[in-house]
Amino acid sequence: MPNMKKILFATFLLVVTAGGACMGAVKKPAIVPVPQQITCLDRQAVTLTNGARIHLSSNKALRGMAELFIRDAAREEGLQLKIAEKSAGEIQLSIDPTLSAEAYRLEASEQGIEIRGGSPAGVFYGLQTLRQLLAQYGPTLPGMTIEDAPTFAYRGAMLDCCRHFFTIDEIKSFIDILALHKINHFHWHLTDDQGWRLEIRRYPELVKIGSHRTETVLGNNTSVYDGVPCGGYYTQKQAREIVDYAARRFITVIPEIEMPGHASAALAAYPFLGCTGKNYKVQTRWGVFPEVFCAGKESTFDFLQNVLTEVIEVFPSEFIHLGGDECPKESWKTCPACQKRIQDEQLSDEHELQSYFVLRMEKWLHEHGRHLIGWDEILEGGISQSATIMSWRGAAGGIAAARAGNKVIMSPNTHCYLDYYQTRNPQGNEPWGIGGYISVEKAYTLDPYDQLDEAERPYILGVQGNVWTEYIASVAHVQHMLLPRLAALAEVGWSYDRRDLEDFRRRMDIFRHLYELNGYRYAPYFFTPAKQAE
Ligand code: ACM
Ligand code: ZN
């Protein structure tokens with residue numbers, strides 16, 4: 001071959017192979033959270049056309065997730081897929097017991113797209129990755145294999161439905177967003193001073209009285225109120241529907257029933273639960289209130305155990321969150337029953353009384369086969385070895401707990417509070433936040449293992465982002481606060497030791513199209529850093 005022809009042929013080959021491969025800045029896969037390993041094959045894989053089939057190995061859970069994927073592909077790509085009732089399909093889903101439970105292996109080749117998972121959850125995560133690949137490349141994927149597994153077993157997000165109420169459909173859309181990010185726990189904040197949101201059959205006043213407040217303070221705890229009654233609650237049937245909806249997306253719902261503080265709504269419904277037994281109301285302002293459950297009366301424990309009896313029937317999760325944060329002790333100091341309890345139990349002060357309270361409820365949970373999660377305040381006055389700490393006042397509580405041999409979920413308000421502002425100077429047109437400043441970049445730098453040595457690290461179960469809703473009344477606003485910071489936290493939880501902010505930026509620029517395809521509202525600041533600096 002003459003030289004010129006050789007060069008032309010070589011160029012032709014290069015273009016053909018590069019056209020199909022997943023290498024180079026443009027073609028590089030943009031998966032969030034970033035997978036463990038991607039190997040590019042030097043050719044294109046199968047093209048998915050309308051009518052392409054998904055073949056399942058014999059596992060019931062696979063059919064459910066295939067149906068969800070078919071809906072996602074139709075909505076996002078306009079691609080009409082179907083389940084192959086017999087024989088093979090262009091997409092193959094199966095379980096591979098050699099993989100760890102949440103791990104998956106995805107191979108895109110001329111033969112089709114094969115996803116194997118260590119369990120159904122792993123296959124589900126493979127399908128979430130496939131959604132991202134289709135959004136990036138369209139129906140013809142470059143050939144590749146992806147091997148992937150999460151770093152942390154616990155990857156969570158919390159939604160506060162007490163300060164503002166969100167409908168069952170809105171909660172489902174929240175759960176959809178978690179699933180897209182491979183988050184596997186939904187922490188549902190169900191009781192607080194401003195509203196009790198879960199039906200408890202034995203105590204009907206909890207929702208009849210406790211789920212309604214007369215009005216809501218305007219702005220940042222000003223002296224002006226909106227004058228508009230506000231309320232809402234979930235029936236147990238609806239809560240079960242959420243548990244089931246989440247489970248089909250491999251998300252465990254952890255309910256939070258707050259005690260002994262943040263109890264105004266419960267006390268308004270049943271005043272005997274408080275130390276003075278009178279003058280309680282569902283709060284109309286934000287903050288921390290002195291109205292807390294009486295720790296002296298036996299009737300408080302009877303009540304809470306009866307409540308939890310119904311809660312654990314609705315929520316099958318191993319963990320039940322009992323709050324424990326921000327409990328003022330004033331009413332206990334002047335309550336004869338609380339003081340008698342301190343004496344009888346030989347407790348040294350009200351902090352130990354809180355500890356008594358939590359330990360007693362934890363013991364009850366254990367007797368019923370469940371485990372307690374509490375905010376880091378439960379460390380004060382002592383906790384049992386089996387309590388799991390959710391560290392929110394920074395990481396210090398979590399670090400101390402891990403060193404003491406307790407399990408920990410890191411959710412520090414330095415990185416994980418998604419009600420904080422996302423820009424340094426929020427006077428502009430950024431929607432309301434509670435204060436503070438946590439940019440996407442900041443959330444991305446969370447190190448759940450910070451200051452912990454090799455022996456202490458296994459106590460860190462994972463990470464969680466929290467959406468408190470004092471200043472967030474609509475689902476669009478929730479999404480604005482959640483996205484894209486949730487993606488940053490998801491990458492901490494899934495891809496801890498392979499994070500790279502610049503590469504994350506590149507991938508997010510592509511991933512955000514999935515937000516758009518699904519109509520999710522996301523904050524723009526991370527994508528327009530130059531503008532923000534102005
Ligand atoms: C909390 O933010 N009070 C847990
Ligand atoms: Zn009392």
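Per chain, the residues get numbers from 1 upward, laid out in the order the sequence is written. Whichever chain is written first is A, and whichever ligand is written first is 1; the rest continue in order. Local features are withheld for residues below a pLDDT of 70 in this predicted model, meaning they are given only at 70 or higher, and side-chain atom pairs are given and counted only at 80 or more; totals for whole chains, interfaces and linings count all residues. Just so you know, side-chain values use all the structure's heavy atoms and leave hydrogens and water out.

A. Focus on the overall build of the protein. Secondary structure elements are defined from DSSP: runs of H or I of at least 4 residues count as helices, runs of E of at least 2 residues count as strands, and each element is numbered from the N terminus. Of regular secondary structure, the protein possesses 18 helices and 21 strands. Throughout, radius of gyration means the C-alpha value; the globule benchmark is 2.2 Å times the number of residues raised to the power 0.38. Its C-alpha atoms give the protein a radius of gyration of 25 Å, within 12% of the compact-globule value 24 Å for 534 residues. To sort residues, take the accessible area from a 1.4 Å probe on protein chains only and compare it with the maximum for the residue type: under 20% means buried, over 50% means exposed, and anything in between is partly exposed. For the protein, buried positions account for 58% of its 534 residues. Residues count as neighbours in contact if any of their non-hydrogen atoms are within 4.5 Å of one another. Taking the intrachain contacts of the protein between residues at least 6 apart in sequence as the baseline, contacts between residues at least 24 apart amount to 72%. Total accessible area on the protein stands at roughly 21200 Å², and carbon and sulfur atoms take up 54% of it. Under the counting rule used here, the positive set is Lys and Arg, the negative set is Asp and Glu, and His together with the chain ends is not counted. Just so you know, the charge point we use is NZ for Lys, CZ for Arg, CG for Asp and CD for Glu. Of the side-chain charges in the protein, 54 are positive and 64 negative, and the distance between the mean point of each set is 5 Å. Note that accessible areas follow from Shrake-Rupley with a 1.4 Å probe, and for residues the cover is restricted to the protein chains shown.

B. Just the state of the cysteines, in detail. By definition, disulfides here are pairs of cysteine sulfur atoms that lie within 2.5 Å. Scanning all chains against the criterion turns up one disulfide. Bridging Cys22 to Cys40, the disulfide has an S-S length of 2.1 Å. Its S-S torsion of about -100° marks the bond between Cys22 and Cys40 as left-handed, since a negative value means left-handed. One end of the pair, Cys22, is in the loop between helix 1 (3-20) and helix 2 (24-27); the other, Cys40, is in strand 1 (residues 37-47), and 18 residues separate them in sequence. Take Cys327: it sits in no disulfide, and the sulfur closest to it among the cysteines is that of Cys275, at 9.2 Å. The exposure class assigned to Cys327 is buried, which follows from its relative accessible area of 8%.

C. Broad picture of the coordination of the zinc ion (ligand 2). Note: metal donors comprise N, O and S atoms at 2.8 Å or less from the metal (3.2 Å for Na, K and Ca); water molecules are not included, so apparent gaps in a site are possible. Looking at the metal site, the zinc ion (ligand 2) is ligated by Cys275 (SG), Cys294 (SG), Cys335 (SG) and Cys338 (SG), spaced 2.3 to 2.4 Å from it. Read N to C, the donor residues that coordinate the zinc ion (ligand 2) are spaced as C-x18-C-x40-C-x2-C. Of this pair, Cys275 sits in the loop between helix 8 (264-269) and helix 9 (298-314) while Cys338 sits in helix 11 (residues 336-344), placing them 63 residues apart in sequence. Looking at Cys275, the relative accessible area reads 16%, which means it is buried.

D. Region of the structure containing the pairing of strand 17 (residues 388-391). Of the two faces of strand 17, both are covered, the one formed by Thr388 and Met390 as well as the one formed by Ile389 and Ser391. What makes two strands pair is DSSP finding at least two bridges between them. Bridge analysis of strand 16 (residues 371-375) against strand 17 gives three bridges, and the strand direction is parallel. Counterpart to Trp375 in the pairing with strand 17 is Met390. Alignment of strand 17 against strand 18 (residues 407-410), held across four bridges, turns out to be parallel.

E. A look at empty space enclosed by the protein. Detection works on a 1 Å grid of protein atoms alone, calling trapped sets that fit a 1.4 Å probe cavities and calling open sets with protein on both sides within 12 Å along at least five of seven lines pockets, with lining residues defined by an atom within 4 Å of a point. Grid points are joined across faces, edges and corners, and a volume is the space filled by probe spheres set on the points. One pass over the full model with this rule turns up two cavities of 30 Å³ or more. Of the voids in this model, the largest cavity is the one considered here, and its volume is about 50 Å³. Around the largest cavity, the lining residues are Met259, Leu322, Gly323, Gly324, Phe357, Val358, Met361, Leu372, Gly374 and Ile378. Those elements that provide at least two residues to the lining of the largest cavity are strand 15 (319-323), helix 12 (350-367) and strand 16. With three residues, helix 12 is the single largest residue contributor to the lining of the largest cavity. Basically, the charged four are Asp, Glu, Lys and Arg, the nonpolar ten are Ala, Val, Leu, Ile, Met, Phe, Trp, Tyr, Cys and Pro, and anything else, Gly included, counts as polar. Here the residues of the lining of the largest cavity are counted per class, giving seven nonpolar, three polar and no charged.

F. Fine view of the sheet that holds strand 4 (residues 91-95). Within the open sheet, the seven strands sit side by side as 1-7-5-6-4-2-3. Their pairing is mixed. Each edge of the sheet is formed by a strand with only one pairing partner; in this case those strands are strand 1 and strand 3 (82-83). Pairing geometry for strand 5 (residues 104-109) and strand 7 (residues 140-148), over five bridges, is antiparallel. Within strand 7, the position partnered with Leu106 by the bridge is Ile146. Contacting strand 4, strand 5, strand 6 (112-117) and strand 7, helix 4 (residues 120-137) runs over the sheet at an angle of about 145° to strand 7. Interaxial angle, 0 to 180 degrees, is taken between N-to-C directions of lines fitted to C-alpha atoms, where a helix line uses only the stretch in contact.

G. Structural view of unusual backbone geometry. Note that the residue after Met259, namely Pro260, is joined by a cis bond; omega there is -10°. Within the fold, Pro260 resides in the loop between strand 14 (252-259) and helix 8. Here the bond from Leu483 into Pro484 is cis, since omega is 5°, no more than 30 degrees from zero. You will see that Asn279, though not glycine, has its phi angle at about 65°, which is positive. Within the secondary structure, Asn279 sits in the loop between helix 8 and helix 9. At Gln451, a residue that is not glycine, the phi angle is positive and equals roughly 70°. Mapping Gln451 onto the fold places it in the loop between helix 14 (440-444) and strand 21 (460-467). On the basis of relative accessibility, which here comes to 53%, the residue Gln451 falls in the exposed class.

H. Just the nonpolar core, in detail. Only buried residues count toward a nonpolar core, which is a set of Ala, Val, Leu, Ile, Met, Phe, Trp, Tyr and Cys residues joined through side-chain atoms within 4.5 Å. Ranked by internal contacts, the top residues of the largest apolar core, which has 166 residues, are Phe186 and Trp188. The element best represented in this core is helix 4, accounting for nine residues. Sequence-distant contacts of Trp188, defined by excluding residues within four places in its chain, comprise Leu159, Cys161, Ile171, Tyr234, Ala239, Ile242, Val253, Ile254, Pro255, Glu256 and Phe315.

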